[in-house]
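A look at the structure
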Amino acid sequence: MMAERIGIIMNGVTGRMGLNQHLVRSILQLRTEGGVLLSDGRRLMPDPILVGRNPQKLEAISRQHGGLRWSTDLEACLANPEDTIYFDSGLTGMREASVMRAIEHGKHIYCEKPLSTTADSAARLAAAADAAGVRHGVVQDKLFLPGVRKLRRLITSGYFGRILSIRGEFGYWVFEGDWGLPAQRPSWNYRKEEDGGIILDMFAHWRYVLDHTFAPVEAVSCLGATHIPTRVDEAGKTYDCTADDAAYGTFLLKGGIIAQFNSSWTTRVYRDELLTMQVDGTEASAIAGLRECRVQHRVNTPRPVWNPDIANPIPFRDSWTDVPDNMEYGNAFKVQWELYLKAVAEGKPFPHDFWDGARGVQLAELALQSWEEKRWMQVPPIVPVKAAH
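Quick caveat: nothing in here was measured; it's all calculated off a predicted structure.

With that settled, consider the overall build of the protein. Each helix and strand counted, the protein has ten helices and 18 strands in total. What you see for the protein is a C-alpha radius of gyration of 22 Å, in line with the 21 Å of a compact globule of 389 residues. C-alpha atoms of the protein, sized along the principal axes, occupy 70 × 55 × 45 Å. Sorting the 389 residues of the protein into buried and exposed places 49% on the buried side. Counting contacts in the protein only where the partners sit at least 6 residues apart, residues at least 24 apart contribute 70% of the total. Mean positive and mean negative side-chain charge positions of the protein (44 and 47 charges, respectively) differ by 3 Å.

Right, let's talk about the pattern of salt bridges for a bit. Enumeration according to the criterion identifies 25 salt bridges in this entry. The salt bridge involving Asp-83 is made with Arg-69; its shortest N-O contact spans 3.0 Å. Of this pair, Asp-83 sits in strand S5 (residues 83–88) while Arg-69 sits in strand S4 (residues 69–71), and the two are 14 residues apart along the sequence. Given a relative accessible area of 1%, Asp-83 falls into the buried group. Three or more residues joined by partner-sharing salt bridges are found here, namely Arg-5, Asp-47, Arg-69 and Asp-83.

Taken together, the nine strands give an open sheet; going across it, the order is S17-S16-S15-S14-S8-S13-S12-S9-S18, and neighbouring strands pair in mixed fashion. In this open sheet, the two edge strands, each paired with only one partner strand, are strand S17 (321–322) and strand S18 (377–378). Note that strand S14 (residues 275–281) and strand S15 (residues 284–288) share four bridges and pair antiparallel. Considered in S15, the bridge of Gln-278 is made with Ile-287. Across the face of the sheet, helix H6 (residues 146–157) comes into contact with strand S8 (163–171), S14, S15 and strand S16 (293–297) while running at roughly 30° to S16. On top of the sheet, helix H9 (residues 354–373) reaches strand S9 (217–225), strand S12 (246–253) and S18; it is set at about 55° to S9, its chief contact.

A separate point is the nonpolar core. Leu-151, Ile-166, Phe-203, Leu-210, Phe-251 and Leu-253 are the most contacted members of the largest nonpolar core, which has 52 residues in total. Broken down by element, the residue count for this core peaks at nine residues, all from helix H7 (residues 198–213). Beyond its immediate chain neighbours, meaning those up to four positions away, Leu-210 contacts Ile-166, Ala-215, Val-217, Phe-251, Leu-253, Ala-259 and Phe-261. Grouped together as the second largest cluster of nonpolar side chains are 26 residues, Ile-27, Leu-28, Leu-68 and Trp-337 included.

Taken as a whole, this structure holds one cavity of 30 Å³ or more when the rule is applied. There is about 60 Å³ of room inside the largest cavity. Taken together, the elements giving at least two residues each to the lining of the largest cavity come down to H7 and H9. Class assignment of the residues belonging to the lining of the largest cavity gives a composition of six nonpolar, three polar and three charged.

With that out of the way, let us pick up the layout of surface pockets. In this structure, the second largest pocket occupies an estimated 520 Å³ of space. Every residue lining the second largest pocket is counted, 18 residues in all, and those nearest its centre are Asp-272, Thr-276, Gln-278, Ile-287 and Arg-317. Of all the secondary-structure elements, those providing two or more residues to the lining of the second largest pocket are S8, S14, S15 and S16. Here the lining of the second largest pocket gets three residues from one element, more than from any other, and that element is S14. Partitioning the lining of the second largest pocket into residue classes produces six nonpolar, four polar and eight charged.

Here we take up the side chain of Ser-319. Secondary-structure assignment places Ser-319 in the loop between S16 and S17. Within the structure, Ser-319 has its side chain in polar contact with the side chain of Gln-296 (distance 2.7 Å). A polar atom in the side chain of Ser-319 sits 3.0 Å from the backbone oxygen of Phe-316. Aside from chain neighbours lying at most four places away, what touches Ser-319 is Val-295, Gln-296, Asn-300 and Pro-302.

To continue, consider the packing of helix H4 (residues 95–104) against helix H5 (residues 119–132). With their axes 10 Å apart at the nearest point, H4 and H5 run at an angle of 10° to one another. The angle between H4 and H5 falls in the class roughly parallel. Where H4 approaches H5, its residues Glu-96, Val-99, Met-100 and Ile-103 are matched on the opposing element by Ser-121, Arg-124, Leu-125, Ala-128, Ala-129 and Ala-132. In terms of residue class, the contact of H4 with H5 is built from seven nonpolar, one polar and two charged.

Its place among the elements puts Val-99 in helix H4. Those residues in contact with Val-99 that sit more than four places away from it in its chain are Tyr-86, Asp-88, Ile-109, Cys-111, Leu-125 and Phe-354.

Attention now goes to unusual backbone geometry. Trans is the prevailing form of peptide bonds, just as negative phi is the prevailing case for residues other than glycine. Here Lys-113 and Pro-114 are connected by a cis peptide whose omega angle stands at -5°. With respect to the helices and strands, the residue Pro-114 is situated in the loop between strand S6 (108–111) and H5. Phi at Asp-195 is positive, roughly 65°, even though this residue is not glycine. Its place among the elements puts Asp-195 in the loop between S8 and H7. Residue Asp-195 is classed as partly exposed on the basis of its relative accessible area of 25%. The phi dihedral of Asn-326 falls on the positive side, at around 60°, and the residue is not glycine. Mapping Asn-326 onto the fold places it in the loop between S17 and helix H8 (332–346).

Here is what the cut-offs are and how they apply
Residues numbered from 1 in each chain as written. Predicted model: local features only at pLDDT ≥ 70, side-chain atom pairs only at ≥ 80, totals over all residues. Heavy atoms only, no water. Helix = DSSP H or I, 4+ residues; strand = E, 2+ residues; numbered from the N terminus. Rg over C-alpha atoms; globule rule 2.2 N^0.38 Å. Buried < 20%, exposed > 50% of the residue type's maximum accessible area, 1.4 Å probe, protein only. Contact = heavy atoms within 4.5 Å. Lys, Arg positive; Asp, Glu negative; His and termini not counted. Charge placed at Lys NZ, Arg CZ, Asp CG, Glu CD. Salt bridge = Lys/Arg side-chain N within 4 Å of Asp/Glu carboxyl O. Pairing = 2+ DSSP bridges. Axes fitted to C-alpha atoms, helices over the stretch in contact; angles between N-to-C directions. Core = buried A, V, L, I, M, F, W, Y, C linked by side-chain atoms within 4.5 Å. 1 Å grid on protein atoms, 1.4 Å probe; cavity = no way out; pocket = protein on both sides within 12 Å on 5 of 7 lines; lining within 4 Å. Points joined across faces, edges and corners; volume = space filled by probe spheres on them. Nonpolar A, V, L, I, M, F, W, Y, C, P; charged D, E, K, R; others polar. Polar contact = N/O pair within 3.5 Å; in protein donor to acceptor, adjacent residues only side chain to side chain. Parallel < 35°, antiparallel > 145°, perpendicular 65-115°, else oblique.

Given below as structure tokens:
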């Protein structure tokens with residue numbers, strides 16, 4: 001059976017994430033695999049058009065990948081009824097205007113996170129998308145990582161008993177760019193005036209990870225920091241960093257679960273993966289990363305006794321065991337793209353919608369306020385406008 005075409009306007013694919021994860025490893029990989037298999041046996045073939053501001057970069061990407069369509073005229077692309085999906089992975093500060101125009105053109109919309117720069121702005125987009133009747137979604141890639149999927153499997157099975165706490169460590173050292181090695185993140189990440197900062201970037205992730213894996217977030221306390229005051233940009237010029245490069249957050253979840261997440265672009269890694277989460281429960285514990293997950297049940301838990309006067313007698317790591325894969329895990333971005341395309345083609349609800357995206361922005365906003373005011377912030381529920389009437 002011949003695959004049915006679905007046109008996708010992909011805005012922001014000249015950036016690292018848009019190019020590597022969304023275009024190459026998701027959309028182009030789906031094309032290589034013959035499209036997305038729908039529940040009725042049909043296949044859906046993505047047909048992307050690349051959109052951006054730099055024609056040289058767009059043409060080079062197009063040529064490298066077999067002559068993909070490209071354009072620098074977003075408005076003309078939105079006016080084309082043959083392309084029914086708009087995807088945005090451009091600068092966060094430009095997202096509200098672009099997405100609102102896509103809504104006005106009746107496009108289904110899929111976006112990178114954070115959905116916008118403020119919770120009010122994100123909620124406006126969600127309400128407008130609902131009113132237009134379009135299918136909307138936000139990237140929540142970490143939910144589809146093998147390590148987190150294994151963790152959810154353990155929770156569903158009741159493995160932990162009552163969950164007590166979660167401790168997350170995320171980050172790595174981003175080079176300053178001033179001694180021979182270039183920075184591996186763009187300079188706008190460190191400028192508050194350009195919507196940079198690790199809190200806006202990462203707390204949107206922690207919101208959906210906590211909400212969907214453990215329990216809804218009810219309160220947040222956060223301390224941010226700008227540990228590195230100056231860096232060197234892409235043009236080799238030194239600039240002042242005005243945004244946070246590290247954040248130390250504590251979250252209270254429904255049911256009394258306490259979560260702590262350290263997020264940092266100024267830490268050197270001494271752990272198995274760039275993200276690890278330790279979950280402790282009354283019956284068992286687990287340590288999950290991007291891909292791996294290890295567990296320790298209470299029957300395998302050693303009985304340490306504090307004695308700093310002797311060498312540690314217990315090889316603690318030896319009593320942890322791996323959670324087996326038991327299945328094949330695809331690229332997390334590609335897996336969510338498949339789910340979103342199926343939702344559009346089959347007219348089914350997509351769970352990770354703009355309202356979910358607004359909750360992520362809300363948490364980042366409240367964390368920034370907590371840092372500024374040095375106090376705990378309650379996290380009020382965001383209820384979709386259509387459900388509130």
